[in-house]
Amino acid sequence: MRRLWIPPLCLLACASSAPPTDGAVPDRPSREIPETRAACARRDPLRAPFFGDLHVHTALSFDAATWGVRARPADAYRFARGEEIGLSPYGADGRPTRTVRLARPLDFAAVTDHSEFLAETSLCTTPGSPIYDSRTCREQRETRFVAALDYALPLSSMNPVRPAICRDDDGTCARALTAAWAEVQRAAEDAYDRTDACRFTSFVGYEWTGSPGANNLHRNVIFRTRRVPALPTSYIDAPTPDRLWNALERDCVAGEGCEVLAIPHNSNQSAGLMFNPVTENRAPYDAAFARRRARLEPLVEIYQHKGSSECIAGAASVLASEDEACAFEQLTAPPCVGANDPPGCTPRCSVAGGLGLAGDCVEPGDFVRPALRRGLAEYLRTGADPFHLGFIGSTDTHNGTPGLVDEANFPGHTGRGDDTPEGLLTAPGGRPISVRLNSPGGLAVLWAEENSRESLFAAMRRRESYATSGPRITVRFFGGWSFADGLCAAQDLAAQGYANGVPMGGELSARPPGASPGFVLSALRDAMGAPLASLEIVKLWADAQGTHERVFRVAGGSGAGVNAATCAPTGTPGESARCAVWRDPGFDPAAPALWYARVLEDPTCRWSRRLCNALRVDCATVPRESPLRACCDGTLPDTVQERAWTSPIWYLPAR
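What you are looking at is a predicted structure, and each value in this text was computed from that prediction instead of being measured. (Residues numbered from 1 in each chain as written. Predicted model: local features only at pLDDT ≥ 70, side-chain atom pairs only at ≥ 80, totals over all residues. Heavy atoms only, no water.)

**Q** Can you explain the packing of aromatic side chains? Please cite residues and give values.
**A** By the definition in use, this model includes 23 aromatic pairs. Between Trp 481 and Phe 587 the ring centres are 5.9 Å apart and the planes differ by 65 degrees, which places this aromatic pair in the edge-to-face class. Residue Trp 481 is located in the loop between β15 (474–480) and α13 (493–500), and its partner Phe 587 is located in the loop between β22 (577–583) and β23 (593–601); the two are separated by 106 residues in the primary sequence. Neither Trp 481 nor Phe 587 differs from the other in exposure class; each is buried. Connected via pairs of aromatic rings, a cluster forms that spans Phe 477, Phe 519, Phe 552, Trp 582 and Trp 595. Arg 476 extends its terminal NZ or CZ atom over the ring of Trp 447, reaching a point 3.7 Å from the ring centre. Seen from the ring of Phe 328, Arg 643 lies directly overhead, with NZ or CZ sitting 4.0 Å from the centre. (Phe/Tyr/Trp six-rings, centres within 6.5 Å; stacked < 30°, edge-to-face > 60°. Helix = DSSP H or I, 4+ residues; strand = E, 2+ residues; numbered from the N terminus. Buried < 20%, exposed > 50% of the residue type's maximum accessible area, 1.4 Å probe, protein only. Lys NZ or Arg CZ within 6 Å of the ring centre and 35° of its normal.)

Structure, rendered in structure tokens:
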């Protein structure tokens with residue numbers, strides 16, 4: 001068992017006490033900062049919603065560095081707390097040519113730089129380092145694309161190896177890796193508000209970037225406290241999810257005071273791999289393995305700048321959905337399934353092959369809703385659900401700008417790759433996915449008693465969380481057996497919800513004889529967002545015939561629209577608040593089931609339409625080859641219907 005390394009006290013103020021220079025764990029215990037803090041002055045036993053971002057990259061990430069990003073972890077945390085940050089491109093004087101600031105600070109964030117190539121990236125961007133003038137480093141600094149043979153190939157290999165520039169070195173890369181990991185921890189510690197004001201919470205984290213065959217299996221790894229492993233685990237160290245879980249259990253869970261969870265993201269690009277319930281040895285999950293996965297991965301990132309992973313429209317027979325709302329911010333067209341496919345459909349990865357990360361194939365089972373259905377089927381088979389997943393959203397920014405989700409002023413997420421209108425709107429070239437199909441990303445929302453690591457991490461653990469596509473909509477969702485019809489009018493709705501049921505992320509208690517489950521769903525609009533159009537509850541269940549889904553609209557349905565030319569709202573707007581008590585009319589006490597809620601805003605202009613309007617593009621004169629033709633040719637949607645997704649509530653009958 002590897003011991004945990006806790007940064008010495010001096011790292012908070014000086015550099016004389018450095019981590020071990022060879023990357024090893026020190027034999028003698030270091031001087032520790034106690035994991036204590038002042039009690040939060042504001043604490044709500046009925047919990048409050050805290051808004052944050054758990055997927056953030058800075059200049060320590062190899063791809064962000066390739067795109068010219070210079071923001072460090074400390075800069076990202078300052079931005080999350082409300083300070084201004086500079087963006088590329090940089091002038092001859094080294095000063096940024098663009099600056100951005102959040103309209104509202106976040107409550108929490110985690111910098112999750114790629115654990116792969118931390119050392120290489122640090123050395124490649126440090127003038128005078130032993131490898132600074134290598135071909136790999138020059139390509140990383142001078143081109144938009146990462147050196148394929150050195151970085152991309154290891155990430156897409158089934159048996160990854162370190163780039164040649166850091167193989168068999170003299171300890172330089174080991175020292176650089178340890179120093180970079182120490183910087184990540186130091187930035188998180190400096191940003192954490194340990195006063196009783198509890199204004200901001202930071203988490204130590206990283207991204208494990210497994211991409212076998214150029215298909216996404218990425219996870220963000222989040223630690224509860226400052227007690228973390230001596231080094232992050234990379235895809236090179238652990239080239240399968242199973243081995244990542246082994247490393248987390250060995251290096252954290254088995255130690256004292258270390259707690260961790262992993263969050264899968266961008267399952268929409270994983271070519272059928274993310275939610276396949278088999279081990280790396282191709283053995284079907286048994287109950288113990290399923291429970292292990294659910295324990296280590298209680299959440300999934302359902303939305304970020306590379307699109308929605310809720311569901312994909314298409315033929316239900318291939319785990320796609322007839323739900324039109326699935327078509328929200330999708331990177332690919334619906335899947336091809338047969339002879340009568342519509343033009344432009346996306347080939348299925350399992351049929352035609354392809355690269356999931358490039359978007360040239362899609363697999364409906366990669367999306368979260370089919371994964372939840374598969375989890376219920378696994379519960380029937382083994383008695384355990386490996387995909388017992390709560391929801392969050394985040395940005396996946398590569399600019400070091402957590403929470404920058406405003407559609408009105410989207411500056412891009414990848415440094416010099418999308419720093420101009422043309423860069424943002426360039427049509428796909430050799431691959432179907434382009435920047436213009438990306439979105440500003442979403443937010444994670446946690447219901448917690450206070451804004452502290454302990455309280456927020458506990459919310460993640462119990463899945464009392466939800467995702468938004470950017471707006472700060474406030475959503476409550478409770479399930480129980482005895483909710484009154486008039487609960488929406490009660491001033492103590494939350495108290496009754498907790499007392500007589502379970503919140504989002506929970507599991508219904510044993511069913512009273514003859515009872516059917518009831519749900520209360522309450523939502524408040526974001527004061528800076530659009531009115532609320534409707535409330536929906538999505539039901540999934542499994543039985544001997546297979547798995548099933550159905551969407552119920554339980555409140556609302558406004559006639560609002562938007563004038564794309566001006567982005568002014570039209571029609572009858574939705575409401576500032578909506579609430580509904582709903583009972584499942586088709587409940588089967590023998591069938592495992594779950595329900596999650598979806599809250600939809602009135603339509604508003606998409607960022608691309610806002611950009612086109614601001615540029616005053618003249619469609620009669622813009623050249624056909626110009627990326628600005630996207631403003632005129634109908635290839636991009638003019639509007640979006642922003643939304644929130646709550647974590648599910650489960651009913652799992654005894655087996």
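Read on for the rest.
**Q** Which residues make up the packing of helix α2 (residues 73–80) against helix α6 (residues 172–191), and what values do they have?
**A** One can describe the packing of α2 onto α6 by two numbers: an axis separation of 8 Å at closest approach and a directional angle of 25 degrees. Relative to α6, α2 is oriented roughly parallel. Crossing of α2 over α6 shows right-handed handedness. Across the interface between the two elements, Pro 73, Ala 74 and Tyr 77 of α2 pack against Glu 183, Val 184, Ala 187, Ala 188 and Ala 191 of α6. Along the lines of polarity and charge, the residues of the contact of α2 with α6 split into seven nonpolar, no polar and one charged. (Axes fitted to C-alpha atoms, helices over the stretch in contact; angles between N-to-C directions. Parallel < 35°, antiparallel > 145°, perpendicular 65-115°, else oblique. Left-handed = near helix turned anticlockwise from the far one by under 90°. Contact = heavy atoms within 4.5 Å. Nonpolar A, V, L, I, M, F, W, Y, C, P; charged D, E, K, R; others polar.)

**Q** Mind laying out the sheet that holds strand β12 (residues 390–393), listing which residues take part and the relevant values?
**A** Read from one edge to the other, the open sheet built from three strands follows the order β11-β10-β12, with strand pairing classed as mixed. Sheet topology places β11 (307–308) and β12 at the edges, where each strand pairs with a single neighbour. The pairing of strand β10 (residues 299–304) with β12 spans four bridges and is parallel. Counted as the bridge partner of Val 300 is Phe 391 from β12. (Pairing = 2+ DSSP bridges.)

**Q** Explain the state of the cysteines to me, using residue names and the numbers behind them.
**A** Applying the stated rule across the entire model yields eleven disulfides. Disulfide partner of Cys 311: Cys 326, at an S-S distance of 2.0 Å. Its S-S torsion of about -100 degrees marks the bond between Cys 311 and Cys 326 as left-handed, since a negative value means left-handed. In this pair, Cys 311 sits in the loop between β11 and α9 (349–352) while Cys 326 sits in the loop between β11 and α9, placing the two residues 15 residues apart along the sequence. The side chain of Cys 488 participates in a disulfide bridge whose partner is Cys 579; the two sulfur atoms lie 2.1 Å from each other. With the S-S dihedral at roughly -85 degrees, the linkage between Cys 488 and Cys 579 falls on the left-handed side. Taken together, the positions of Cys 488 in the loop between β15 and α13 and Cys 579 in strand β22 put the pair 91 residues apart, joining distant regions of the chain. Look at Cys 488 and you get partly exposed, because its relative accessible area is 31%. Since its relative accessible area comes to 27%, Cys 579 is described here as partly exposed. (Disulfide = S-S within 2.5 Å.)

Note that every value here comes from positions in space, so none of it alone points to a role or purpose.
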